[in-house]
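Notes for the structure review
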Amino acid sequence: MRGARERRVRTDGVELCVAELGDPDRPTVVLVHGYPDSKEVWSEVAPRLAERFHVVAYDVRGHGRSTAPRPLRGGFTLEKLTDDFLAVADAVSPDRPVHLVGHDWGSVQSWEFVTVGRTEGRIASFTSMSGPSLDHLGHWIDRRLKRPTPRRVGQLLGQGARSWYVYLLHTPVLPELAWRGPLGRSWPRILERAGKVPGGGCPSPSLPSDAAHGAWLYRDNVRSRLRSPRADAYAHAPVQLITPLGDAFLSERLHDELEVWAPRLTRRTLPAGHWVPRTRPDLLVRWITEFVTSVEDGRPEVAAPGRYADRFGGQLVLVTGAGSGIGRATALAFAEAGARVLAVDRDAPAASRTAEEARRRGAAAAWAETADVSDERAMEELAERVTAEHGVVDVLVNNAGVGLGGSFFDTTPEDWRKVLDVNLWGVIHGCRLFGRRMAERGQGGHIVNVASAAAFQPSRALPAYSTSKAAVLMLSECLRAELAGRGIGVTAVCPGFVNTAITSTARFAGADAEEERRLRKRAARLYGLRNYPPEKVAAAILRAVVRDEAVVPVTPEARTAYALSRWMPGALRRIARVKPPM
């Protein structure tokens, strides 16, 4: 681990290898790795945390550069692992409680640390990832066996299928032979291909022996604890639960009743697989930093009160066209979910007002940026500035757009250029500049392109506008296919008639100034009578990101048109011939 200071800590006949980074006078964060990892699994997390904290990572007994107990049988019980933790905590932070972070089996054993009486006062907080308490799991299974319902039986069978490897690890000799043979040699490639885990020193060269020794973590603890779970396994410190929604080994349903055992609980979720310390280190560092800082300041509840706070809290969200309408409502919805919000608009005062309101609504932070999305150079400068000052965007919402009505033959080449520059090229610039950075980061993300029901509903009165939005829809579908393997979702949102300011800025080809004012006034009146609020579109956008939906028609008329475009396109073509009243 780069820049680390190493020390040896002796306990119960083993010698633990302990790495330290950062200022020892600052709060101490102890990182506990899982199976079959070593402390190097934290190599992307620890140095970043060390900018704010005293960070400690140690190789669990029998792993990495720590020695193994002799004999192995009975040497990996949760009681002995607790002894190890206390020895490390006493060595690195004798006078202050430590903040505990565990992943996989590091989280399993950390649940033991934070729920037994002899560690009370030594742990200030606990962040758990991808590893339940065996006691809590035992009670979870017991409730489903004693009071079965179809839903509970399904949950039990589902988790049982995910736990296939646990049964194999209980078999004698075979796991050791596999890890010291072909499985140990192929594991790095399996992680990279199946788990999308980058290399860079993880797993470490000690993997075959680490995995062979670590099989006793399961043999020494799983069956005994699941048969007789402790009834007093209550957390005596604030807990932050981070749940990767794509975890192939653990169902998120395991934590349904966790508040019973951890009353001071903050929940977080993210669209990622099991090895989040390697695939999403930046987000973990942000959440751990927020949580530890809040506990140090005496306010352990950090999750925002809004819906989806567990999903978007702390994430960086950029919304174009955020000065009004759907863009403003979307920026504020992400703010209420605790995101960090970048409100982008070519109207600087409007962007500032949105950012200010976002801070009042609960955004972790909010900033205003001025940019014309149709200006390639301006967008390049915006992308450089945002990345340098705030990092890579987690969610991009390409919302900025302009309206144009009128017949095809009244629409001039200049009209076409203006519409396509904003509605299509603005989306292309955003996807290219911010999406590329997402892909290069290799930690996933999401792109939302706001199209329109006009993308699939032809109209004789909207040839330029409909063409631009149909192009956005197809661009979104193509980009979704290209980025699927990189963990980046792409959604095209297609609203119908929504009461926004676009009617007051829309232009009408072939109309003089007086006629254009009349047509704008009429359109604004019709949209006002429809009165579908932009906040409902914003809610649909957040829901679409959470569900990773491809195409989301919003409003009843948009959903009807989308269904007709798929099943009765001829009907839409006949409707398109109707001349709108002027």
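Each chain has its residues counted from 1, following the order in which its sequence is written. Whole-chain, interface and lining totals are the exception, using all residues; otherwise, since this is a predicted model, local features are given only for residues with pLDDT of at least 70 and side-chain atom pairs are given and counted only at 80 or more. Heavy atoms from the whole structure form the basis of all side-chain values; hydrogens and water molecules are not counted.

1. A look at the overall build of the protein chain
A run of H or I in DSSP counts as a helix once it spans at least four residues, and a run of E counts as a strand once it spans at least two, with each numbered from the N terminus. A tally of helices and strands in the protein chain yields 23 helices and 17 strands. Here the C-alpha radius of gyration of the protein chain, 27 Å, is about what a compact globule of 582 residues would show, namely 25 Å. For the protein chain, the spread of C-alpha atoms along the three principal axes comes to 90 × 50 × 40 Å. Using a 1.4 Å probe, the Shrake-Rupley method yields the accessible areas, and only the shown protein chains count as cover for residues. Put simply, the protein chain shows about 24,600 Å² of open surface, and 54% of that area lies on carbon and sulfur atoms. Under the counting rule used here, the positive set is Lys and Arg, the negative set is Asp and Glu, and His together with the chain ends is not counted. In plain terms, the charge of a residue is placed at NZ if it is Lys, CZ if Arg, CG if Asp and CD if Glu. Between the centroid of the 80 positive side chains of the protein chain and the centroid of its 66 negative side chains there is a distance of 6 Å. The globule rule is 2.2 Å times the number of residues to the power 0.38, and the radius of gyration it is compared with is taken over C-alpha atoms.

2. Concerning helix α8 (residues 182-194)
Expected span of a helix: the number of residues minus one, times 1.5 Å. With 13 residues, α8 should reach 18 Å at 1.5 Å per residue; the first-to-last C-alpha distance of 17 Å fits that figure. The principal kink in α8, of about 40°, is found at Pro188. Three labels apply to residues, based on accessible area from a 1.4 Å probe with only protein chains included: buried if under 20% of the type maximum, exposed if over 50%, partly exposed otherwise in between. Residues of α8 that are buried: Gly184, Ser186, Trp187 and Leu191. Phi turns positive one or two residues past the end of α8, at Lys196, with a value near 55°. Take the seven residues that end at a residue and the seven that start at it, fit an axis to each, and the angle between those axes is the bend at that residue.

3. Let's talk about the sheet that holds strand β3 (residues 28-32)
The criterion for strand pairing is that DSSP finds at least two bridges linking the strands in question. As summarised here, the arrangement of the eight strands in space is β1-β2-β4-β3-β5-β6-β7-β8, forming an open sheet in which the pairing is mixed. The outermost strands of the open sheet, each flanked by one partner alone, are β1 (5-11) and β8 (265-270). If you compare each strand with its neighbour and ignore which way they point, the axes differ by 20° on average. Across five bridges, β3 lies against strand β4 (residues 54-58) in parallel orientation. Counterpart to Leu31 in the pairing with β4 is Ala57. The contact criterion used throughout is that any non-hydrogen atoms of two residues lie within 4.5 Å. Simply put, an axis is a line fit to the C-alpha atoms, just over the touching stretch for a helix, and the angle between two N-to-C directions goes from 0 to 180 degrees. Most of the contacts of helix α2 (residues 78-92) go to β1, to which it runs at about 130°, and overall it touches β1, β2 (14-21), β3, β4, β5 (98-103) and β6 (123-129). Where helix α12 (residues 281-296) meets the sheet, its contacts fall on β3, β5, β6, β7 (239-244) and β8, and the angle it forms with β6 comes to roughly 155°.

4. Side note on empty space enclosed by the protein
With a 1 Å grid spanning the protein atoms alone, the term cavity applies to any set of points in which a 1.4 Å probe fits but cannot get out, the term pocket to an open set with protein on both sides within 12 Å along at least five of seven lines, and the term lining residue to any residue with an atom within 4 Å of a point. Grid points are joined across faces, edges and corners, and a volume is the space filled by probe spheres set on the points. Enumeration over the complete set of coordinates arrives at four cavities of 30 Å³ or more. Estimated volume of the largest cavity: approximately 80 Å³. Of all the secondary structure elements, the ones that give two or more residues to the lining of the largest cavity are α4 (134-146) and α10 (258-261). A per-element tally of the lining of the largest cavity places α4 first, with three residues. Of the residues belonging to the lining of the largest cavity, the class tally is six nonpolar, three polar and two charged. Asp, Glu, Lys and Arg are counted as charged, while Ala, Val, Leu, Ile, Met, Phe, Trp, Tyr, Cys and Pro are counted as nonpolar; the rest, among them Gly, fall into the polar class.

5. Here's the deal with the layout of surface pockets
One number sums up the size of the second largest pocket: a volume of about 1,100 Å³. Around the second largest pocket, the lining is made up of 47 residues, and of these Ala194, Gly195, Phe249, His274 and Trp275 lie nearest the centre. Counting only elements with at least two residues in the lining of the second largest pocket, the list comes to α6 (164-169), α7 (174-180), α8, β14 (445-450), β15 (488-495) and α21 (534-547). The element best represented in the lining of the second largest pocket is α8, accounting for five residues. The class makeup of the residues in the lining of the second largest pocket is 26 nonpolar, 14 polar and seven charged.

6. So, the nonpolar core
Residues grouped as a nonpolar core are buried Ala, Val, Leu, Ile, Met, Phe, Trp, Tyr and Cys residues, joined through side-chain atoms within 4.5 Å. Among the nonpolar cores identified, the biggest contains 83 residues, and Leu31, Tyr35, Leu49, Tyr58, Phe85, Trp105 and Tyr218 are the most heavily contacted of them. Among the elements that make up this core, the one with the highest residue count is α2 (eight residues). The residues contacting Trp105, other than those within four sequence positions of it, are His33, Gly34, Tyr35, Leu78, Leu134, Leu217, Tyr218, Asn221 and Val222. Ala451, Leu479, Val551 and Leu572 belong to the second-largest nonpolar core, a separate cluster that totals 40 residues.

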